[in-house]
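Observations on chain architecture
Each chain, letter by letter, is given below.
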Amino acid sequence: MAGNDVAIIVPVFREVGNIRKLVAGLHANLPDIDWEVVFVDDDSDDGTFEEIENLARCDARVRGLLRVHERGLSSAAIAGLLSAKADYLVVMDGDGQHDPAIIPKLLAPLRHAKADITSAARDFSAIANHTLSQRRRTLSLWANRAASLAIGRKLVDPMTGFFAIRSDAFRTIVRDLSDAGFKLLMDILIRSPALRHQEVLFEFKPRETGQSKLDLANAWQFASYLAAHFSGRLVPARFISFLAVGTIGLAVHFSLLYPALALGISFAGAQTIAAVTTTCWNFWLNNLLTFRDRRLTGWKIIPGVLAYLLATSIGIVGNVAVASKIHQDYAAVVSLSALAGITIDTVWKFVVANTLIWRRK
Ligand code: GDD
Ligand code: MN
């Protein structure tokens, strides 16, 4: 069989109860299209992949892609998109919130060469309260404004996870995408302004079953991503996240240091307690936020923390050495020397974190 005309990529994580319904919905809504669906599962523990394989055995339109040791909505979508050989590619959620009836509307402008990429924008004025909480809606509104600013034009819904793209267009731009990308559509629109883009309005539905996987960590990633963008991409998103964690760590450090001193502990002792605890805390936050996609889990956390503590102490030696040298040799003021030392230390820690502790698999 030659390639299908349309490939529908569906990232799924713990969606066992929604797979079958989605496939039925595709069959019902796409009778005149030669399509395939590619479910990309990140090793869910609820039997999602078994369910996909069961369906794939008796339905030639269904295919599964299993990823192990990897997590992330965008990277799952990218893996699925790269595995497809259809001319037209669609990305949608697997939880029933994206109506398959919209797919032909997304494809039409691509087929008529009116656009390279189309997206299904959630019609916020029509979204019912039970679909998105008030808090989530306010968040979405502000995130939308920031995203529109980054993209450079006003969009109804730059954050939607439901879109279609011509496969040759995707192949051309895929290397430009950010590795910490998380809102795939937004990342594509920001990095490839030459693509012709159209929005199609649709009604966002409540989830069928299961739970949303978007959490505070995603919001944090989103903020780091935008900050990196607005820095003209001089500073990588991960480094911004790392700095923000470090800044929170500073507060932790002092809120331990002063009580310890008040308890009568010597300065060196109090400073050691504060520094070690803060380092462990920073490690934990970075594992959760900055390096979420390469997160250490289970027993691997122990050697991770130890290596991080060790590398951090080496960083402090470098910090003091550089600061003292600048202070003596260049007769620089104390604050400038200290700042130079701290900068060296921070960059060193980030390099260790990025290449050693949370290295790419
Ligand atoms: N493979 C894989 N890996 N799939 C994932 C992961 C992951 O780490 N995280 C989420 N998914 C899958 C879910 O199983 C679901 O099929 C889809 O991605 C969307 O995830 P939800 O957890 O349902 O997200 P949501 O409904 O809260 O968010 C939706 O709206 C956002 C805008 O506010 C999604 O459409 C997002 O893409 C969109 O940006
Ligand atoms: Mn959802």
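All values reported here derive from a predicted model rather than from experimental measurement.

Further remarks concern the overall build of the protein. Of regular secondary structure, the protein possesses 12 helices and seven strands. Expressed along its principal axes, the backbone C-alpha trace of the protein runs to roughly 75 × 40 × 40 Å. Burial analysis of the protein (361 residues in total) assigns 36% to the buried set. In the protein, the proportion of contacts linking residues at least 24 apart, taken out of those at least 6 apart, comes to 75%.

For ligand 1, the set of nearby residues contains 23 residues, the closest of which are Ala 76, Gly 94, Gly 161, Ser 212 and Lys 213. The class makeup of the residues in the shell around ligand 1 is eight nonpolar, seven polar and eight charged.

Neither face of strand S6 (residues 163–166) is exposed, since Phe 163 and Ile 165 on one face and Ala 164 and Arg 166 on the opposite face are all buried. As defined by bridge partners, strand S5 (residues 117–122) adjoins S6 across three bridges and the pair is classed as antiparallel. For Thr 118, the partnering residue across the bridge sits in S6 and is Ala 164.

With that settled, the discussion passes to the nonpolar core. Nonpolar side chains in soluble globular proteins generally cluster together in the buried interior. In this structure, Ile 8, Ile 9, Leu 89 and Val 90 are the most contacted members of the largest nonpolar core, which totals 54 residues. The next biggest cluster of nonpolar side chains, apart from the first, holds 10 residues, and it includes Phe 242, Val 245, Tyr 308 and Trp 358.

All right, on to the domain arrangement of the protein then. The accessible area lost on association of the parts is a frequent measure of interface size. Taken domain by domain, the protein holds domain 1 (6–210) and domain 2 (237–357). Spacing between the C-alpha centres of domain 1 and domain 2 amounts to 39 Å.

The next thing to look at is the packing of helix H5 (residues 134–151) against helix H7 (residues 184–191). It is at 9 Å that the axes of H5 and H7 come closest, and there the two elements cross at 25°. On the basis of their axis angle, the class for H5 and H7 is roughly parallel. Contacts from Ala 147, Ala 150 and Ile 151 in H5 reach Met 186, Leu 189 and Ile 190 in H7. Class assignment for the residues of the contact of H5 with H7 results in six nonpolar, no polar and no charged.

In this section: the pairing of S5. With six of six residues buried, S5 is to be regarded as a mostly interior element. With burial as the criterion, each face of S5 is covered, one bearing Ile 117, Ser 119 and Ala 121 and the other bearing Thr 118, Ala 120 and Arg 122. Looking at chain direction, S5 and strand S7 (residues 197–202) are connected through six bridges and run parallel. Bridging across to S7, Ile 117 finds its partner in His 197.

Rules of the game
Residues take numbers from 1 onward in each chain, read along the sequence in its written order. The order in which chains are written sets their letters, starting at A; the order in which ligands are written sets their numbers, starting at 1. Two thresholds apply to this predicted model, a pLDDT of at least 70 for residue-level local features and 80 or more for giving and counting side-chain atom pairs, whereas whole-chain, interface and lining totals are computed over all residues. To qualify as a helix, a DSSP run of H or I must reach at least 4 residues; to qualify as a strand, a run of E must reach at least 2; elements of each kind are numbered from the N terminus. Residues with at least 20 neighbouring C-beta atoms inside 10 Å of their own are called buried, those with 12 or fewer are called exposed, and the rest are partly exposed, where every C-beta is derived from the backbone. What counts as a contact here is a pair of residues whose C-beta atoms, placed from the backbone, lie within 7 Å. The criterion for a residue being near a molecule or strand is simple: its C-beta atom, placed using the backbone, must lie within 6 Å of it. Here the term charged refers only to Asp, Glu, Lys and Arg, the term nonpolar to Ala, Val, Leu, Ile, Met, Phe, Trp, Tyr, Cys and Pro, and the term polar to all other amino acids, Gly among them. Two strands are said to pair when DSSP picks up at least two bridges between them. A set of buried residues qualifies as a nonpolar core if it consists of Ala, Val, Leu, Ile, Met, Phe, Trp, Tyr and Cys joined through C-beta atoms within 7 Å. These domain boundaries are the output of an automatic or database domain assignment. In this description, a line fitted to the C-alpha atoms serves as the axis of each element, helices being fitted only across the stretch in contact, and the angle between N-to-C directions of two axes falls anywhere from 0 to 180 degrees. Orientation labels follow simple angle bins: below 35 degrees gives roughly parallel, above 145 gives roughly antiparallel, 65 to 115 gives roughly perpendicular, and whatever is left gives oblique.

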